[in-house]
Every structure is written in structure tokens, then in C-alpha cells.
Amino acid sequence: MTKHSIITGTGSYIPTKVVKNSDFLNHTFLNEDGSPFGYDNEIVIDKFKAITGIEERRYAADNLTSSDLAFFAAEKAIKDSGVDKEQLDYIILAHNFGDVKKNSIQNDILPSLASRVKHKLGIKNPSCVAYDILFGCPGWIQGVIQAEAYIKAGIAKKCLVIGSETLSRVIDDFDRDSMIYSDGAGACIIEAEESETSKGILSHAVQTNTVDECYYLFYGESYNKELKDGTDYIKMYGRKIYEYAISNVPGAMKLAMDRANVDISEIKKIFIHQANEKMDEAIIKRFFRLYKTKVPQGIMPMSIHKLGNNSVATVPILFDLVRNGEIENQGVNKGDTVIFASVGAGMSINAIVYKY
């Protein structure tokens, strides 16, 4: 009998406020130097949609923060798994900006968001350890990797891993990249299970590149040079991120595959970070090219069209939706082998090979 780390429940929270591309038609978008674009917003938005695939995104209600969203997702995951919340050994919460109140310029991470979720859940067990991790967009996957390490080490049997973000609170309204970002939360319960057959997390791979790539995503001032209030916003070098991702993510995925000793023909789904549709498609094509095979139809479920990019929450939300049959023509079945993969600030990459 071998100990395995199994996802026994999932949950997600998708905010109800829908922001469509057309809602940005009257925005004032500026270049990095503060100069205006030389063409209408309709053209800006059409080009944006063609590249990212995003048609609309979700923003959290004004009275909610990231830890609230995390709590909602966690409740669903706990209920779905049937686990006694008092038996949880760890609550691992991935985020990047903490709780940011609407119209606030402060990131609030005291106490940790994981502690806030434990409080909201009403867990009294002091041996349930709650902490946050900051790992860019790959944070939720990294939390799953940490949970598996605890389980394999014999110091945990049940873990709650959450990814939650409210990126709408840290965007520069004058930057067209602001249209990419959204809010949401996803969670899962991971439990130890003894089995003679291989199942659950089979392997993982993680990389962090910082020599040239450290500041591809960063905090920077508004493109509106008239704003002098000292507020910084999420910024990125989109082209550099694209090139980095398509050059490095396929190799990390293959490394995880090699460690799992899994053949490419066994992969049924790839749950990849919903950053940019064109980028994700390019990553998957390059990945399958490593095996000299074509990309199978329907291998890559997508939620970015309607939900945008909510960072650490994209992969757990996507998995929860597919697992519950909420994305058309997508599903997972017992025995399926899947890949979770992400890339983000750091720059960091991670991938997990998982047998459902």
C-alpha cells in the first residue's frame, strides 16, 4: 500500500458583477509615456479580444474582499468533500495582494488571509495551521504541491488549498492591460489515501527564473502622468511574458510527465492558467510538439472568455467547473490523467500530473 494525495472536493466563487468589453468603450487608455492612442477604443478592444479571448470578466461586489471570496470557495470545497473541517491539518491560501478594499490604496495582509478564512469557517482546532503563500499566478498549484509534501511526510492527512484574488482593485484604469484582470476564488480539499494503485498527484515540477525575468510583472505608477498620489498598480511586460511562457512552460510540463512516467497518450485534460488564450494555445502546441504529436481536440478547457484572468484562482475555478460539468463539452472521468500548469510573477512555473 502506498500513500497518495487525492483531491476529494472542490469549490469556487465567481463574483456576480459582469464587466463586458463594451464597458471599456469610454475609457481613456494611454501609452506608457502618458500619450493617447492614435485610434478609437473600439479598435483597442477588438485587438484585445482577438489576442486574449476575453469577452467579459467578473468583479467582486464592493463590500467583499479577497478573503471573503476565499471563504465562499472554501465552504463549497469542504461541503463537496464531506470532510470534518475540524480535522483539517492545514489551510494554505495563495494570493498576491491581500485584502484590498474598494477605493483603497492599501494591501491588508495582517492577519493572514488564511487565518481570516479559518476564523470565518469557525474552526476551533488550534492544530489546523493557516498560512498564506505568495507565488504569483502559480500560487494555488504551489499550495497543492506543499500540501502533498505534508501528506507524504506524514505530518498532514487533510489540507484545504485556496487561490483567491481581487485584481480589479489593483489595476490602472488608464492601462489597456487592465481589461485582462478579474476577481474570483477556487479551492480544493486534498486528503491522504492508501492504495495499491497509482492515483492522485503523480509528480510535479517547479521553476523560478529571476536573472532577466524577475520584474516582468511589477508594481508601477499610472500611465496618467497627472496622477501624483503615489499609488502603484499591477504592470507587466506582456510580450516578454508571452515569450518566456511559450519557451519554458512546455518543458516544465514535460519534466513533470517524465517524473510520473506517463505517456502523452494518457493525458485527457490540461488545466492551464487562464492568462491569455493565444498564449495558452501556443504553450499547448509546443508541449505536444515535444512528443511529435498533434494537440487532441478538447484537451484544454477554457474559462477566460467569460471570467478573465483572476491570477491564482483561474486553475482551481476551471477545474471545479469542468469537474461539475459546467463547461460545455468538457468533463473528467475516474481514471483520467490530467495536468495542472501555471506561469506567473517571479517569474515562476509549475506543473502537476494528476490521476483523477
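All of these numbers come straight from a predicted model, not from anything done at the bench.

**With respect to empty space enclosed by the protein**
- If you walk through the whole model with that rule in mind, you get one cavity of 30 Å³ or more.
- Roughly 30 Å³ of volume is contained in the largest cavity.
- Taken together, Ile-171, Asp-172, Asp-175, Asp-177, Ser-178, Tyr-181 and Ile-234 make up the lining of the largest cavity.
- The class makeup of the residues in the lining of the largest cavity is three nonpolar, one polar and three charged.

**Observations regarding the packing of helix α2 (residues 66–81) against helix α3 (residues 113–121)**
- Orientation of α2 relative to α3, taken along the N-to-C sense of each, is 55 degrees, at an axis distance of 9 Å. As the angle between them shows, α2 and α3 are arranged oblique. Once α2 is placed against α3, the crossing between them reads as right-handed. From α2, Ser-66, Ser-67, Asp-68, Ala-70, Phe-71, Ala-74, Glu-75 and Ile-78 reach across to α3, where they touch Leu-113, Arg-116, Val-117, Lys-120 and Leu-121.
- For the contact of α2 with α3, a count of residues per class yields seven nonpolar, two polar and four charged.

**Things to note about the environment of Phe-29**
- Note that Phe-29 resides in the loop between β2 (17–20) and α1 (41–52).
- Excluding residues within four positions of it along the chain, Phe-29 makes contact with Phe-24, Pro-36, Phe-37, Asn-41, Val-44, Asp-173, Phe-174, Asp-175, Arg-176, Ser-178 and Met-179.

**A word on the sheet that holds strand β8 (residues 200–208)**
- Taken together, the four strands give an open sheet; going across it, the order is β8-β13-β12-β11, and neighbouring strands pair in mixed fashion. What marks the edges here is a single partner per strand, and that holds for β8 and β11 (267–272). Adjacent strand axes in the sheet meet at a mean angle of 15 degrees when their direction is disregarded.
- The pairing of β11 with strand β12 (residues 337–344) spans five bridges and is classified as parallel. Pairing of Phe-271 across the sheet is with Phe-340, part of β12.
- Lying on the sheet, helix α6 (residues 277–289) is in contact with β11 and β12; it crosses β11 at an angle near 145 degrees.

**A look at the side chain of Asp-336**
- Within the fold, Asp-336 resides in the loop between α8 (314–323) and β12.
- Although Asp-336 is buried, it forms no salt bridge, and the closest oppositely charged side chain is Lys-268 at an N-O distance of 5.8 Å.
- Here the side chain of Asp-336 touches Asn-333 through a polar contact of 2.8 Å, landing on its backbone nitrogen.
- Discounting residues that sit within four places of it in the chain, Asp-336 has contacts with Lys-268, Tyr-354, Lys-355 and Tyr-356.

**Considerations on the environment of Val-322**
- Tracing the chain through its elements places Val-322 in helix α8.
- Taking relative accessible area as the criterion, Val-322 reaches 1% and is therefore assigned buried.
- Taking the C-alpha atoms as reference points, Val-322 and Lys-269, separated by 53 residues in sequence, lie 9.9 Å from one another.
- In contact with Val-322, other than residues within four places in its own chain, are Phe-271, Pro-301, Ile-327, Gln-330, Gly-331 and Val-332.

**What about unusual backbone geometry?**
- Cis geometry marks the peptide bond from Leu-110 to Pro-111, where omega comes out at 0 degrees.
- Locating Pro-111 in the fold gives a position in the loop between β4 (90–94) and α3.
- Phi at Asn-261 takes a positive value of approximately 55 degrees, unusual for a residue other than glycine.

**Topic: the packing of aromatic side chains**
- Counted by the stated rule, this structure contains 17 aromatic pairs.
- Their ring planes at 25 degrees and their centres at 6.5 Å tell us that Phe-24 and Phe-29 sit as a pair that is stacked. Summarising the burial analysis for this pair, Phe-24 and Phe-29 share the class buried.
- Centroid distance Phe-271 to Phe-340: 5.5 Å. Interplanar angle 25 degrees. Geometry classified as stacked. On the criterion of sequence distance, the pair formed by Phe-271 in strand β11 and Phe-340 in strand β12 is long-range, its members being 69 residues apart.
- Given a relative accessible area of 0%, Phe-271 falls into the buried group.
- The exposure class assigned to Phe-340 is buried, which follows from its relative accessible area of 2%.
- Site record: aromatic cluster; members linked through ring pairs are Trp-140, Phe-271, Phe-319, Phe-340, Tyr-354 and Tyr-356.
- Just above the ring of Tyr-223 sits the side chain of Lys-235; from NZ or CZ to the centre is 3.4 Å.
- Between Lys-240 and the ring centre of Tyr-237, over which it is positioned, the NZ or CZ distance is 5.3 Å.

**Section: the packing of helix α5 (residues 238–260) against α6**
- In the contact formed by α5 and α6, the axes pass within 9 Å of each other and the chain directions differ by 40 degrees. On the basis of their axis angle, the class for α5 and α6 is oblique. Regarding α5 and α6, the two cross each other, and that crossing is right-handed. Between α5 and α6, the contacting residues are Ile-241, Tyr-242, Ala-245, Ile-246, Ser-247, Val-249, Pro-250, Met-253, Lys-254 and Met-257 on the first element and Lys-278, Met-279, Ala-282, Ile-283, Ile-284, Arg-286 and Phe-287 on the second.

Here is what the cut-offs are and how they apply
- Note that residues are indexed from 1 along each chain, following the sequence as it is written.
- For a predicted model such as this one, the threshold for reporting local features is a pLDDT of at least 70, and the threshold for listing and counting side-chain atom pairs is 80 or more; totals across whole chains, interfaces and linings nevertheless cover every residue.
- Water and hydrogen atoms play no part in the side-chain values, which are based on all heavy atoms of the structure.
- Grid points spaced at 1 Å and placed over the protein atoms alone form the basis of the search, with a cavity being a set where a 1.4 Å probe fits but cannot get out and a pocket an open set showing protein on both sides within 12 Å along at least five of seven lines. Lining residues have an atom within 4 Å of a point.
- Grid points are joined across faces, edges and corners, and a volume is the space filled by probe spheres set on the points.
- Three categories are distinguished: nonpolar for Ala, Val, Leu, Ile, Met, Phe, Trp, Tyr, Cys and Pro, charged for Asp, Glu, Lys and Arg, and polar for the others, with Gly belonging to the last.
- Axis lines are fitted to C-alpha atoms, over the contacting stretch for helices. Their N-to-C directions set the angle, which ranges from 0 to 180 degrees.
- Counting from the N terminus, the helices are the DSSP runs of H or I reaching at least four residues and the strands are the DSSP runs of E reaching at least two.
- Just so you know how the angles are binned, under 35 degrees is roughly parallel, over 145 roughly antiparallel, 65 to 115 roughly perpendicular, and the rest oblique.
- By definition, any crossing whose near helix is turned counterclockwise from its far helix by less than a right angle is left-handed, and any crossing with a clockwise turn is right-handed.
- Any two residues whose heavy atoms approach within 4.5 Å are treated as being in contact.
- Whether two strands pair comes down to DSSP finding at least two bridges between them.
- Residue exposure (1.4 Å probe, protein chains only): buried if accessible area is under 20% of the type maximum, exposed if over 50%, otherwise partly exposed.
- In this tally, Lys and Arg are treated as positive and Asp and Glu as negative; His is ignored, and so are the chain termini.
- We define a salt bridge as a contact between a side-chain nitrogen of Lys or Arg and a carboxyl oxygen of Asp or Glu at a distance within 4 Å.
- Here a polar contact is taken to be a pair of N or O atoms separated by no more than 3.5 Å, where protein atoms must pair a possible hydrogen donor with a possible acceptor and residues adjacent in sequence count only if both atoms sit in side chains.
- Think of it this way: a Phe, Tyr or Trp ring, Trp meaning its six-membered ring, pairs with another when their centres are within 6.5 Å, and the plane angle makes it stacked under 30 degrees, edge-to-face over 60, tilted otherwise.
- Each ring is checked for a lysine NZ or an arginine CZ that lies within 6 Å of its centre and within 35 degrees of its normal; such an atom marks a charge sitting over the ring.

Keep in mind these numbers describe shape, not what the thing actually does.
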